[in-house]
Every structure is written in C-alpha cells, then in structure tokens.
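# Structural overview for review
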Amino acid sequence: MLPMFQATCATHRTRLVLFRRYSSSLGDTRWPGWQPVIGIEVHAQIKSREKLFSESLAAIDGQPNTRVSLFDAAFPGTLPRLNPKCVQLACRAAVALSSEIQHRSAFDRKHYFYPDLPSGYQITQNYAPLAKGGELRLRRFDRIVRIKQIQLEQDTAKSTSDPKAGKTRIDLNRAGTGLMEIVSEPDMRSPEEAGAYVRELQGLLRCVGASDGNMDEGSLRCDVNVSVSRVGEGFGTRCEVKNLNSVRFLQSAIISEIGRQIQLLESGRAVPQDTRGFDEDSAETYKLRSKEDAPDYRYMPDPNLPPLILDQSFIAQIRECTPALPAVTLARLQSEYGLTLRDAEVLMSIDAGSEVGFDGEPSPGGAVRYFESVAHGRDAKAAVNWITHELLGQLAARKESFAENPVSAHTMGELIDLVASGEITSTSGKALLRYIIQKKTTTPLGELLDTLSLRALDSSSDTLPGLCEAAIAALPSEADAVRKGNERVLMKIIGWVMRQSGGRVDAKKAAELLKERLRGENGGSAKDA
Ligand SMILES: Nc1ncnc2c1ncn2[C@@H]1O[C@H](COP(=O)(O)OP(=O)(O)OP(=O)(O)O)[C@@H](O)[C@H]1O
Ligand SMILES: [Mg+2]
Ligand SMILES: [Mg+2]
C-alpha cells in the first residue's frame, strides 16, 4: 500500500479539512491522473412502528427474540401482509428525492442461506422497484447525484458469533423490519462527496420522517462501490465495500480502495470485481468474495404477494403531506431573513442529533420555528446570533440540549429588544440569559433587571466619566501606554470600567470617553514639553 493512502483513523479529520487543498484544476492532487468513481447503496430502516410484512413491533431494542411473529420466524404456512405505513414513508423519501413513484411495483425473493435469514430468502424488489430516478444535490460540492432507484425490502436478523464457544446467537427482533434501499448512480468523484451524499440523504430522510438515519445505531448502513480509471477514460471495474456504519469509515474505506486499485493498475494488473469488507483498525478493505464466488440469489417473484399498485391520488396525497425539505427551508431562511448559508445550516442542524456537522444533515425542527418566532419583527441577524452563540453556547456549557431550553421565544425576543434599545448592555444580556437558564425562571424580565441590578448606567450622568477617571487613576502605567499611542492597552482599562460597573456601562461609550481623556492629556503634555 502506498504510504499516501494509508488512512489511519487519527488522520480522518485532517483529511477532510485538507480536502479543499486537494482539489485543483488538474483534479485531485492525492491521485493525480486518476479519477475515482463512487456509487452508494444506502439501506435505511423505515420509521414504522410495525415490521414490513408482520404486525410485530419494529423497535430493535428490548430483550432478544421478543419482537418476533410466527411470520418473522418463517413458520410454515404463515403469510406476509404488507404494512401500508412502510409504503407511505418510503414514498415520502421518494418524493424528497424527486424519484418517480411507480404505479406498479412488485416483490421478489432473493435466496441465500445464512442463519440470520430464517426463511432462506429475503423479500425485496429486484425487478420492479417502488421508485425510479431522482436526484440529490450536494450543496457544498456543486454536484448532483442521480438516484437510480428506491426499493422496499426486509431487514435480516442479527447474528453474533462467539468463536470460542463455537456458537452463533440469533436475535430475530430485527428480522423483517422494513428497509428502503436507495441506490445512487455512480456520480460521486471523491470520498468527501460520498460523505456529503450520505449526510444530505440522512438529513432528508429524517426531515420527512422516513427514517431515523442513525448510522451508529444501525438504522442507516451503506455499501459503497468504488472504481478508478485514468482521467478521460471510461469507468473501471467496481469493487463493493459492504456494511459501513459511519461516514468516517465510509470515507476511509473509499480512500483505501482508491489506493489499492491504483496500485494494482499501475503495476499492470487488473482490478477484479470483488465484494469487500472494511477493517476499522487498519482502515483498509479486505476481500470477502470475488465475482466468481458471488452467490446465485435465484431471484423469483414472491408468489404470496400481489404487485403493489399505487394510484395517482395516493401519490398526490403523499406529495401533500411530505414536510418541507431541508433545501427549501434553507433557501427560505436565506431569502426571507437574509441569513448566511452558514447561519441557516447551524440553525437547522441544532436538533438533528449527534452526527450533525456544519456540512451535514440539516433537520429543520424546533430550532427553526424558535428562531422564526424570535426574529418576528426583529433584526434576524441579532436573533440568530443570540440563539446560536449565546443560548446554545450557554446550554452546551451546562451539557444541556436545545430540547431542554427553558428560555421561551417570547423572553428571548424581549431580551434582544432590551439590548437593542440600550436599556441593558450586551454583557448584562448574557448575564440575564445565564440567570434564566440556571434558575429556569419565568419571572418577568423587568423584575429580574431590578433584582439583579442589570439596568445600563445612564451615559449622560456623571457615573461613566467618574468611572473612567477612576480607571485612569487605578491603572497609571496602562494609561501612560495609551497616551503613547498603544491602543491595545485601552482594552484593559475598558475591562476595568466594565468590571467596576458590573457590566452595566456601554463599552463603546467608555472607549470613546477614555480615548478623549487620554488623548486630550496626551495633547496637553506634548504642549507642556
Ligand atoms: N464503475 C462503477 N464504479 C463505481 N460504482 C459503480 C460503477 N458502476 C456501478 N456502480 C454503482 O454500483 C451500485 C450498484 O448497485 P445495485 O444495487 O444496482 O447492484 P448490486 O450491487 O450488484 O446488487 P446488490 O443490491 O445485490 O448489492 C450503484 O450504486 C452504482 O452507482
Ligand atoms: Mg443494491
Ligand atoms: Mg450492491
């Protein structure tokens, strides 16, 4: 393996940060002259209470083998009954991806013999999938990834091997849970684009309520197909890396595959079409099987399930009840409120869960609604700053989530108004916010200002000049430095004034006054000299 492709876990972050440096007009400087091609198959668990073809609960937690119907356990004579909720939710995902829901789709059996599949086959949609076509835009890469198809299928059971005891344990709780397989066209060209695709898709599925999309809990899993070819030539042979359960590992697996395949081709060998696994410790892929050993799945239409016929009125209804997509909300936040893309993304990512990053999975929820209510009739920039910097920052410092926020949108708005009108300084505003979060109080702000003595000191009174004089007297050497033109030391004197006033003076006014005093004295002393 070439050293440049050795992707250890510790370097993932650096790789992402450095990506911009890798892209140049000549392509990717990590593999000059080569063009990677990537297509992804995403398996997302459908967020339905019940399984795809049985009435048992789809929740995958709980004691092993407690959520199992006779059908899930493949008892002879049991029959599948399609859960309409799974169809609805998968259709929502299709709408979100602009994929065309098919009037007629059908179910097939894919046979393989493995302990995690009690019936010896998985019901899937091989010949006539639920939806065809569609696209997902990767905003940060100016790339559109086409969707090939979306199909419904059953999840398998979970097997855990204990080699020492020579045993494999089977938990049928997951068996039969509804999955959507979302297959992309081979349209991605870098590991970073592949990561962005999965994150965008995750955000979208969460947004329309079709899937939890949690990779760490296994409700979203990826198979990634990678090939490389020399720039300008046709696509190379793909290898498929199975079952990646984090974006980090996905990117790492792609980097490892690109390196391995380039090395094979540069040494004059061909890339065999393998199915591969990913070793998280070495961050390298390894061979599971070659094309020759690929199982013959003996696909056949499932005789127990009629074709799924969806009429236009059903499809129209799905369109109507699919919530606004992240991209639409993002565009609205920018156009209606003048937010920057960055601010809008931060806001949308607030309650989207643990895998959220600024380039990640927007999930417009409570935080967007909260912002809109705070920003109503106010400066939107101020509202977003107070929410994303102060409110979130203070909650995070207390290890609390946005869901636990005790500050109502009304109170947040009032607080912003108090600062904007100069009734309190922004320092006092922050202190007030801290107090409300700490005490979870609903006392009116006016009362709190008095109790906490937070009202701004009147700049026109003698207080501010008095405090400035006192500061100059208390910090003579700093005052001297400012007189000699060292402006940075001024901050220290302003800090003194702010502390003495308990943060109640306007820092700008204090700076102006201090400069006036010190510059005036400076002028005087120059004359004297
Ligand atoms: N030359 C290529 N390089 C990289 N990816 C490719 C290439 N050709 C096809 N792909 C991608 O491979 C994936 C193929 O997935 P698909 O579900 O159609 O078939 P499969 O992998 O053969 O079947 P299975 O679902 O049983 O794994 C798609 O995401 C497609 O974009
Ligand atoms: Mg597939
Ligand atoms: Mg595949």
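Presented here is an overview of the structure given in this document. Please read these numbers as outputs of a predicted model, since none were measured by experiment.

The magnesium ion (ligand 2) binds to the protein through Glu41 (OE) and Glu181 (OE); the donor distances cover 2.1 Å. Between the two metal centres, the magnesium ion (ligand 2) and the magnesium ion (ligand 3), the spacing is 3.6 Å, with Glu41 acting as a shared donor. Pair noted here: Glu41 is in strand β3 (residues 34-45) and Glu181 is in strand β13 (residues 178-184), with a separation of 140 residues, a long-range link. Taken individually, Glu41 and Glu181 each receive the classification buried, so the pair is uniform in this respect.

This part covers the state of the cysteines. Applying the stated rule across the entire model yields 0 disulfides. Left without a disulfide partner, Cys91 is nearest to the cysteine sulfur of Cys321, which lies 9.9 Å away.

To continue, consider the site of ligand 1. Glu41, Lys148, Ser184, Pro186 and Ser227 are the nearest of the 18 residues found near ligand 1. Contact distances for ligand 1 include 2.7 Å between an oxygen atom and a backbone N or O atom of Ser184. A distance of 3.2 Å separates a nitrogen atom of ligand 1 from a polar backbone atom of Gly236. Look at ligand 1: alone it shows 640 Å² of surface, and the protein chains cover 78% of it. Mapped by element, the contributors of at least two residues to the shell around ligand 1 are β3, β13, β14 (220-230) and β15 (239-244). A total of 4 residues in the shell around ligand 1 trace back to one element, the largest contributor, which is β3. Within the shell around ligand 1, the residues separate by chemical class into 5 nonpolar, 5 polar and 8 charged.

Below, the discussion takes up the nonpolar core. Counting residues in each nonpolar core, the largest one holds 66 residues, and the members touching the most others are Ile40, Met180, Ile182 and Tyr197. Residue contacts for Ile182: discarding those within four places in its chain leaves Ile40, Glu41, Val42, Leu97, Ile147, Gln149, Ile150, Tyr197, Leu201 and Leu205. In terms of nonpolar packing, the next biggest core, distinct from the first, is built from 39 residues, Tyr370, Ala375, Met412 and Leu432 among them.

Time to look at the sheet that holds strand β7 (residues 121-124). Reading across from one edge, β7-β6-β18 is the order of the 3 strands in this open sheet, with antiparallel pairing throughout. Among the strands making up the open sheet, the edge pair consists of β7 and β18 (300-301). For strand β6 (residues 108-111) and β18, the ladder comprises 2 bridges, and the chain directions are antiparallel. Within β18, the position partnered with Arg109 by the bridge is Met300.

Right, let's talk about the pairing of β13 for a bit. Along β13, 7 of the 7 residues are buried, which leaves the element largely enclosed by surrounding structure. Side chains Gly178, Met180, Ile182 and Ser184 of β13 all project onto a buried face; the interleaved residues Leu179, Glu181 and Val183 project onto the opposite face, where all are buried too. The pairing of β3 with β13 spans 5 bridges and is antiparallel. Paired with His43 across the strands is Glu181, a residue of β13. Relative to β13, strand β10 (residues 143-154) is paired through 7 bridges, and the arrangement is antiparallel. Across the sheet, the residue bridging to Gln149 is Val183, located in β13.

Here we come to the packing of helix α9 (residues 380-397) against helix α10 (residues 409-420). It is the contact of α9 with α10, at a shortest axis distance of 11 Å, that shows an interaxial angle of 110 degrees. In terms of axis orientation, α9 runs roughly perpendicular to α10. For the pair formed by α9 and α10, the contact residues are Ala382, Ala383, Trp386 and Leu391 on the first element and Met412, Leu415, Ile416 and Val419 on the second. Taken together, the residues of the contact of α9 with α10 break down into 8 nonpolar, no polar and no charged.

Glancing now at the packing of aromatic side chains. The full count for this structure, using the stated rule, is 7 aromatic pairs. Ring geometry for Tyr112 against Tyr297: centres 6.2 Å apart, planes inclined by 65 degrees, an arrangement best described as edge-to-face. Here Tyr297 lies in the loop between β17 (284-290) and β18 and Tyr112 lies in the loop between β6 and β7, a separation of 185 residues in the sequence. Taking the relative accessible area as the measure of exposure, Tyr112 reaches 22% and is therefore partly exposed. Where Tyr127 meets Tyr299, the ring centres are 6.3 Å apart and the plane angle is 70 degrees; that geometry is what we call edge-to-face. Highlighted residues: Tyr127 in the loop between β7 and β8 (131-132) and Tyr299 in the loop between β17 and β18, separated in sequence by 172 residues. The class of Tyr127 is exposed, set by a relative accessible area of 53%. We classify Tyr299 as partly exposed; its relative accessible area is 28%. Lys110 extends its terminal NZ or CZ atom over the ring of Tyr297, reaching a point 4.4 Å from the ring centre.

Not every positive phi belongs to a glycine, and Ala283 is a case in point at roughly 55 degrees. Here Ala283 lies in the loop between β16 (274-279) and β17.

Turning our eyes to something else, we now look at helix α11 (residues 426-439). With 14 residues, α11 extends 20 Å between its outermost C-alpha atoms, agreeing within 8% with the 20 Å of an ideal straight helix rising 1.5 Å per residue. What α11 keeps buried is the set Ser428, Gly429, Leu432, Leu433, Ile436 and Ile437. Each element contacted by the buried residues of α11 is listed here: α9, α10 and α12 (445-451). Trailing α11 by a residue or two, Lys440 shows a phi angle of about 50 degrees, which is positive.

Attention now moves to the coordination of the magnesium ion (ligand 3). Perfect tetrahedral coordination of a metal by four donors corresponds to 109.5 degrees between them, and perfect octahedral coordination by six donors corresponds to 90 or 180 degrees. Surrounding the magnesium ion (ligand 3) are the protein donor atoms Glu41 (OE), Glu41 (OE), Glu240 (OE) and Glu240 (OE), which sit 2.2 to 2.5 Å from the metal. Taken together, the 6 donor atoms surrounding the magnesium ion (ligand 3) define angles of 54 to 156 degrees at the centre, an arrangement classified as irregular.

Further remarks concern α10. The first and last C-alpha atoms of α10 sit 16 Å apart over 12 residues, in line with the 16 Å expected at 1.5 Å per residue. All of the buried residues in α10 are Ala409, Thr411, Met412, Gly413, Leu415, Ile416, Leu418 and Val419. A positive phi of about 85 degrees marks Gly422, the residue just after α10.

What counts and what doesn't
- Residues numbered from 1 in each chain as written.
- Chains lettered and ligands numbered in written order.
- Predicted model: local features only at pLDDT ≥ 70, side-chain atom pairs only at ≥ 80, totals over all residues.
- Heavy atoms only, no water.
- Donors = N, O, S within 2.8 Å, 3.2 Å for Na, K, Ca; no water.
- Helix = DSSP H or I, 4+ residues; strand = E, 2+ residues; numbered from the N terminus.
- Buried < 20%, exposed > 50% of the residue type's maximum accessible area, 1.4 Å probe, protein only.
- Disulfide = S-S within 2.5 Å.
- Near = heavy atom within 4 Å.
- Polar contact = N/O pair within 3.5 Å; in protein donor to acceptor, adjacent residues only side chain to side chain.
- Areas by Shrake-Rupley, 256 points an atom, 1.4 Å probe, with all protein chains shown as cover.
- Nonpolar A, V, L, I, M, F, W, Y, C, P; charged D, E, K, R; others polar.
- Core = buried A, V, L, I, M, F, W, Y, C linked by side-chain atoms within 4.5 Å.
- Contact = heavy atoms within 4.5 Å.
- Pairing = 2+ DSSP bridges.
- Axes fitted to C-alpha atoms, helices over the stretch in contact; angles between N-to-C directions.
- Parallel < 35°, antiparallel > 145°, perpendicular 65-115°, else oblique.
- Phe/Tyr/Trp six-rings, centres within 6.5 Å; stacked < 30°, edge-to-face > 60°.
- Lys NZ or Arg CZ within 6 Å of the ring centre and 35° of its normal.
- Expected span 1.5 Å × (residues − 1).
- Tetrahedral: all angles 85-135°; square planar, octahedral: opposite > 155°, others 65-115°.

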